[in-house]
Every structure is written in structure tokens, then in C-alpha cells.
Amino acid sequence: VKWKGKDLFDLVCRTLGLRETWFFGLQYTIKDTVAWLKMDKKVLDHDVPTEEPKTFHFLAKFYPENAEEELVQEITQHLFFLQVKKQILDEKIFCPPEASVLLASYAVQAKYGDYDPSVHKRGFLAQEELLPKRVINLYQMTPEMWEERITAWYAEHRGRARDEAEMEYLKIAQDLEMYGVNYFAIRNKKGTELLLGVDALGLHIYDPDNRLTPKISFPWNEIRNISYSDKEFTIKPLDKKIDVFKFNSSKLRVNKLILQLCIGNHDLFMRRRKADSLEVQQMKAQAREEKARKQMERQRLAREKQMREEAERTRDELERRLMQLKEEATMANEALMRSEETADLLAEKAQITEEEAKLLAQKAAEAEQEMQRIKATAIRTEEEKRLMEQKVLEAEMLALKMAEESERRAKEADQLKQDLQEARESERRAKQKLLEITSKSSYTQSMNSSTTALPTDLPSFNLISESLSFDFKDTDMKRLSMEIEKEKVEYMEKSKHLQEQLNELKTEIEALKLKERETALDILHNENSSRGNSKHNTIKKVS
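Predicted model, so just to flag it, every value in this text is computed and none were measured.

**Q** I would appreciate a short explanation of the overall build of the chain in the present structure.
**A** What the chain contains, in helices and strands, is 13 helices and 10 strands. The burial tally for the chain puts 37% of its 543 residues in the buried class. A sequence separation of at least 24 residues applies to 68% of the contacts in the chain between residues at least 6 apart. Of the roughly 33,700 Å² of accessible surface on the chain, a fraction of 52% belongs to carbon and sulfur atoms.

**Q** What am I meant to see in empty space enclosed by the protein here?
**A** Rolled over the atoms, a probe with the dimensions of a water molecule shows which regions are left empty. Inspection of every chain in the model, using the stated rule, returns four cavities of 30 Å³ or more. Considering only enclosed or pocket space, the largest cavity measures out at about 90 Å³ in volume. If you go around the largest cavity, the residues you meet are Glu177, Asp199, Tyr206, Leu212, Thr213, Pro214, Asn528, Asn533, Ser534, Lys535, Thr538 and Ile539. Looking at the lining of the largest cavity, the element that brings in the most residues is helix 13 (residues 535–542), giving three residues. Residues belonging to the lining of the largest cavity are distributed by class as follows: four nonpolar, five polar and three charged.

**Q** Looking at this structure, I do not really get helix 12 (residues 520–531). What am I missing?
**A** Spanning 12 residues, helix 12 covers 17 Å between terminal C-alpha atoms, matching the ideal 16 Å at 1.5 Å per step. On its buried face, helix 12 sits against helix 5 (133–138). Where helix 12 ends, the next residue or the one after it, Gly532, has phi of about 80 degrees, a positive value.

**Q** What is the right way to read the pattern of salt bridges from this model?
**A** It is possible for side chains bearing opposite charge to pair when their charged atoms get close. Applying the stated criterion to the full structure yields 26 salt bridges. Close ionic contact of Glu407 with Lys411 constitutes a salt bridge, the shortest N to O distance being 3.9 Å. Residue Glu407 and its partner Lys411 are located together in helix 10 (residues 382–452), separated by four residues, close to a single helical turn.

**Q** I tried to follow the sheet that holds strand 7 (residues 216–219) on my own but got confused; where do I start?
**A** The strand order across the open sheet built from seven strands is 7-6-5-4-10-9-8, with neighbouring strands paired in antiparallel fashion. Lying at the two open borders of the sheet, with one neighbouring strand each, are strand 7 and strand 8 (223–229). Strand-to-strand twist in this sheet, taken as the mean axis angle between neighbours without regard to direction, amounts to 30 degrees. Most of the contacts of helix 8 (residues 252–272) go to strand 8, to which it runs at about 160 degrees, and overall it touches strand 4 (182–188), strand 5 (193–198), strand 6 (202–206), strand 8, strand 9 (232–237) and strand 10 (245–249).

**Q** When you look at the packing of helix 4 (residues 97–112) against helix 6 (residues 143–154) in this model, what are you seeing that I'm missing?
**A** Any two packed helices are characterised by how steeply their axes cross, that is the angle between the axes, and by the distance between the axes. Viewed as axis vectors pointing N to C, helix 4 and helix 6 meet at an angle of 65 degrees, and their least axial separation amounts to 8 Å. The chirality of how helix 4 crosses helix 6 is right-handed. Taken together, the residues of helix 6 that come into contact with helix 4 (itself represented by Glu98, Val101, Leu102, Ala104, Ser105, Val108, Gln109 and Tyr112) are Trp146, Arg149, Ile150, Trp153 and Tyr154. Tallied by class, the residues present in the contact of helix 4 with helix 6 amount to nine nonpolar, two polar and two charged.

**Q** Hey, could you run me through the packing of helix 3 (residues 74–89) against helix 7 (residues 162–173) in this one?
**A** At a closest axis distance of 9 Å, the pairing of helix 3 and helix 7 adopts a crossing angle of 50 degrees. Our classification of the angle between helix 3 and helix 7 gives oblique. Crossing of helix 3 over helix 7 shows left-handed handedness. Of the residues in helix 7, those in contact with Glu74, Gln77, His78, Phe80, Phe81, Val84, Lys85 and Ile88 of helix 3 are Arg162, Asp163, Glu166, Met167, Tyr169, Leu170 and Ala173.

**Q** Mind showing me how you'd approach the nonpolar core here?
**A** Among soluble globular proteins, nonpolar side chains are generally buried collectively. Within the largest apolar cluster, 88 residues are counted, with the highest numbers of intra-cluster contacts made by Val84, Ile88, Val198, Leu203 and Ile258. With nine residues, helix 4 is the largest single contributor of residues to this core. Filtering out sequence-adjacent residues up to four positions away, Val84 remains in contact with Tyr63, Ile93, Tyr169, Leu170, Ala173 and Tyr179.

**Q** Help me understand the layout of surface pockets, please; the structure alone is not making it clear to me.
**A** The volume enclosed by the second largest pocket comes to roughly 980 Å³. Around the second largest pocket, the lining is made up of 34 residues, and of these Gln27, Val34, Gln87, Lys92 and Asn182 lie nearest the centre. Counting residues per element, the ones that place at least two in the lining of the second largest pocket are strand 1 (24–30), strand 2 (33–36), strand 3 (57–60), helix 3, strand 4 and helix 8. The leading source of residues in the lining of the second largest pocket is helix 3, at five residues. Looking at the lining of the second largest pocket residue by residue, the class counts come to 19 nonpolar, eight polar and seven charged. When we break the lining of the second largest pocket down by domain, the ones giving at least three residues each are domain 1 (5–174) and domain 2 (190–262).

What counts, and at which threshold
- Here the residue numbering is sequential within each chain, running from 1 through the sequence in written order.
- For this predicted model, a pLDDT threshold of at least 70 governs which residues receive local features, and a threshold of 80 or more governs which side-chain atom pairs are given and counted, while totals over whole chains, interfaces and linings are taken from all residues.
- With hydrogens and water set aside, each side-chain value is computed from the structure's full complement of heavy atoms.
- The numbering of helices and of strands both runs from the N terminus, where a helix is a DSSP run of H or I of at least 4 residues and a strand a run of E of at least 2.
- Each residue is assigned to one of three classes by its accessible area relative to the maximum for its type, calculated with a 1.4 Å probe on protein chains only: buried under 20%, partly exposed between the two thresholds, exposed over 50%.
- We call two residues in contact whenever any of their non-hydrogen atoms come within 4.5 Å of each other.
- Each accessible area is a Shrake-Rupley result for a 1.4 Å probe, and residues are judged covered by the shown protein chains and nothing else.
- A cavity here means a set of 1 Å grid points, computed over protein atoms only, where a 1.4 Å probe fits but cannot escape. A pocket is an open set with protein on both sides within 12 Å along at least 5 of 7 lines, and lining residues have an atom within 4 Å of a point.
- Grid points are joined across faces, edges and corners, and a volume is the space filled by probe spheres set on the points.
- Under the scheme applied, nonpolar residues are Ala, Val, Leu, Ile, Met, Phe, Trp, Tyr, Cys and Pro; charged residues are Asp, Glu, Lys and Arg; polar residues are all the others, including Gly.
- Helices are assigned an expected span. That span is 1.5 Å times one less than the residue count.
- Counted as salt bridges are all cases of a side-chain nitrogen of Lys or Arg within 4 Å of a carboxyl oxygen of Asp or Glu.
- By definition, two strands form a pair when at least two bridges between them are found by DSSP.
- To get an axis, a line is fitted to the C-alpha atoms, and for a helix only the part in contact is used. The angle between two axes follows their N-to-C directions and goes from 0 to 180 degrees.
- For any helix crossing, the convention is left-handed if the near helix is rotated counterclockwise from the far helix by under a right angle, and right-handed if that rotation is clockwise.
- An angle counts as roughly parallel when it lies under 35 degrees, as roughly antiparallel when it exceeds 145, as roughly perpendicular when it falls between 65 and 115, and as oblique in every other case.
- To qualify as a nonpolar core, a set must consist of buried Ala, Val, Leu, Ile, Met, Phe, Trp, Tyr and Cys residues joined through side-chain atoms within 4.5 Å.
- Residue ranges labeled as domains rest on an automatic or database domain assignment.

Structure, rendered in C-alpha cells:
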């Protein structure tokens with residue numbers, strides 16, 4: 001009951017393990033107006049709703065100018081990523097279609113890790129909310145077409161850890177015009193309705209229909225004083241020649257909130273331009289050490305993964321070779337069986353032919369005997385003699401035919417014997433080849449068993465081992481700074497490549513756009529893009 005706002009806030013931060021507390025606050029809603037819990041005031045003394053339980057939202061109250069330089073802890077980066085992603089999907093931050101697809105691809109990388117075609121198959125993003133509804137409705141594209149374009153970019157982010165993907169998301173999102181801006185409805189002295197925007201760079205005055213491009217901007221370093229009296233709010237520029245800007249808000253509570261945001265953002269603006277405090281220096285040093293340790297861990301894991309993949313490829317190759325040898329052995333066995341069957345058939349046929357030849361020879365001998373007998377018992381009469389001569393002639397012709405048939409059968413029997421010898425020779429060669437294949441198979445199996453065991457002998461990964469302790473000396477810090485400089489150069493090259501990809505996607509989907517569904521912000525953004533206006537150069541122009 002006696003707890004102040006700071007007590008509750010500190011408990012939440014300790015629970016999350018958050019040290020960069022100056023960006024965050026506890027938000028609640030009272031009478032349709034947003035308010036933030038004051039640190040030095042009792043929680044129950046705030047004008048919070050009376051119903052139970054009392055609800056507060058832990059949110060980022062102030063935004064960094066440069067997320068990569070200012071957000072040190074991984075938990076801080078993650079909380080900002082979640083909040084900015086939700087604001088883009090809820091369309092509280094305007095995001096052009098091509099940038100929405102790129103941001104979605106980084107969100108997928110942060111959630112699913114590296115793209116794997118065997119795991120991340122078509123339709124794996126069907127249940128994910130990745131694009132603002134405004135972008136989906138603006139084009140004649142199916143969910144499958146959007147998924148295809150998101151996946152194409154997602155596949156390019158291979159090797160990025162979750163924190164790296166989330167930081168890339170924030171680096172793109174922080175260049176969006178409505179990023180980190182709190183808008184308030186105001187009226188100037190003439191009663192004209194305007195919008196006041198408060199962000200990390202200063203105060204901006206907008207036309208109610210154009211939240212992208214400010215009409216006037218007051219950078220924090222050019223503001224001398226900010227104050228309010230009842231509903232009237234006064235901005236006094238540093239240059240006394242410039243007129244004081246006054247406006248009225250709808251409620252006194254809104255003025256209090258505006259002043260609270262102005263003080264907080266101005267403090268952070270000045271803090272960024274001073275040397276880091278000892279606490280921040282310690283946090284950054286720890287973050288650098290943690291980053292270097294994680295990088296070494298990732299390199300070690302990558303090497304181990306590569307060795308395992310190579311071992312698996314070798315094993316797969318040996319298994320494939322073994323299967324090939326098995327197939328060859330099976331084919332050799334089948335050929336051997338066919339050779340044996342052929343040899344048996346030829347042997348049987350040769351035996352039959354030999355028996356036929358013997359039988360023909362026996363018939364020829366009988367015919368010869370018959371001829372001799374006929375000659376011995378020849379009839380004396382001329383008619384009988386003529387008939388006898390005719391029969392003798394026929395018998396001689398029959399004997400000649402029998403002799404020729406016998407000779408042919410004998411040759412056929414010799415040929416079959418020769419074929420039988422060749423078949424047996426083929427059988428012997430097939431058996432020899434089978435023996436060779438069998439010996440190869442046994443050698444391959446032994447190689448396979450030794451190679452398969454390889455991954456288990458790879459170095460194990462242990463976070464607790466003493467080998468992972470670090471001693472960061474000056475040389476290490478110089479090397480790290482050189483690496484950071486190198487990363488900046490690479491980032492500039494990637495940014496150019498990224499812009500080319502964004503323009504390519506924009507051109508690709510332009511033909512599918514439904515012009516009648518364009519919102520006012522879409523039209524304004526296209527006009528700004530065609531003029532070459534960005535968030536930062538616009539603010540410089542109107543400051």
C-alpha cells in the first residue's frame with residue numbers, strides 16, 4: 001500500500017534483468033487519456049482506475065536516436081523490437097509496403113532461426129501476423145504470394161542470431177517517419193487545429209492530415225524553455241529573434257504529459273552528447289565481452305557443425321557405395337545362376353544329341369547288313385534283278401543319308417561340348433567376380449563403421465569449461481574496434497544493396513497495387529519519396 005511508483009517499477013526491471021531503465025515506464029489509462037506512473041509518488045495516490053486488478057503496461061516511454069549505439073543490453077533490444085513491431089502491425093507507425101516485407105523477413109529470422117527448405121515448407125507462415133492489414137489490402141496478392149516474397153528475403157539472413165535480426169529490424173524501423181513520435185491534438189492562437197509531435201530529436205508541428213512531414217520543428221538544442229499555464233503551452237526558442245510559439249491543448253492532464261515527455265527526451269538528448277557514465281561504460285564493456293564470447297561460441301559451433309556435416313556426407317557416400325556394391329553382387333549372383341542353368345541345359349542337349357548320333361550309326365549298320373543280305377539272296381530273273389538293283393540303289397542312298405546325318409549330329413555334339421566348356425568358363429569368371437565384390441563389401445562396411453563413429457569423437461561444447469574464460473587486453477580492444485569499423489563499411493555496402501532490393505520489390509508489386517485503396521499516408525509517403533525526402537533531411541529543412 002505504501003509503495004511508490006519507483007518501487008513497483010524497480011521490481012519489474014529486476015524481474016526482467018533490465019538495467020537500461022531510463023527508456024521505460026509504467027503506463028495506465030484514465031478517462032481515455034494515457035498517463036505514466038510517477039516514480040516519486042505513491043502508486044495508489046495516482047488517479048488510477050478504481051476497479052481491481054489495477055493494470056499497468058510496461059512500455060518504452062523514450063526512444064533512442066540510434067538503436068545500435070544506445071541499446072546495450074539484449075533484453076532492452078528485445079523489448080524495443082516487440083513494441084515497435086506491434087506498433088507497425090497496429091499501424092500506429094506508417095511503414096511502406098516494401099519495407100514491411102523486409103521487416104517481416106527479419107521478424108521471421110528472429111523467431112525461426114536460419115531458413116531450412118526441408119523444415120520451412122510452403123505455408124509455414126500461414127498463421128503468422130507479419131504485415132499490416134493496410135499493406136495486404138493494398139495489393140491483389142494472395143497470402144502465398146506474400147509468403148514467397150518474405151521467404152526469399154528470409155533465406156538471405158542465414159547466419160544471423162536472434163539479437164542480430166532484431167537489431168536489423170530496429171535499424172530499419174528507426175528511419176520511419178512516425179517512429180518514436182508521440183502525437184497530441186493542439187490549437188494555435190488562431191484556433192487552427194494542429195498536431196504536436198514529441199520525439200528524441202525535438203518538438204514538431206504537423207498538419208492533422210499529414211503525420212509524416214512536420215511543418216515546423218524545434219530541435220532540443222534550439223529550445224530555451226518549455227512551460228504551460230492551465231491549457232496553454234509555451235515553447236521559447238534559444239534564438240530570441242524567433243517568436244515564442246504558443247498553443248492550447250484539450251486538457252490540463254495532456255499538458256502535464258507533454259511536459260513530462262519533453263523533460264525526459266531533452267535529458268536523454270543532452271546525455272547522449274556527453275561522455276558515458278561509469279555504469280554505462282561498464283555495461284558497454286560487458287556487452288562487448290558478451291558479444292565477443294557469443295561470436296567465438298558461434299564460430300566454434302559452426303566448425304563443429306561443418307565437421308559433422310562432412311562426416312555425414314562421407315558416411316552417406318560410403319553407404320551409397322555399399323548399396324552399389326550390394327547391387328553389383330546381386331547382379332553377379334543372378335548372372336552366375338543364369339550361367340549355371342545355361343550350362344546344365346547345354347550338357348543335357350549334348351547328351352541327347354550324342355545318343356541320337358549313336359542311334360543313327362546303329363541304323364546305318366543295320367542298313368548295310370540288309371544290303372549285303374539282299375545281294376547274297378538276289379533273284380536270278382532279270383525282273384527280280386532290276387528290282388533288286390533299284391532296292392540296292394535306294395538302300396545305298398539311304399545309307400549315304402544316314403551317314404551324312406550321323407556326321408552332322410556328331411559335329412553338333414562337338415559344338416555343344418564346346419559351348420558347355422565356354423559356359424563353365426563364364427561360370428568360373430562370375431564366381432571370381434563375386435568373390436572380389438564380397439571382399440570389397442566387407443572392407444566398405446568396416447570403413448563405414450569407423451566413419452559413422454566420427455561425430456561422437458568431435459569436441460564437445462561446454463559453456464562452463466575454463467577454456468571459455470576471456471582476458472580482454474588493449475590489443476583485444478584495438479582488434480575489436482577494427483572489426484567494428486570493418487562492420488560499418490560492410491553495413492554501408494549492405495544498405496546500398498538493401499535499397500536496391502527494396503526498389504526492385506516495389507517495382508515488382510506496383511502492377512498489383514489497387515490505387516483506389518491507397519490511404520492519405522500512402523500518397524504522402526509516395527510524394528516524399530519522389531522528392532527524395534527522408535525523415536532526417538525533412539526535419540533539418542523545417543527546423
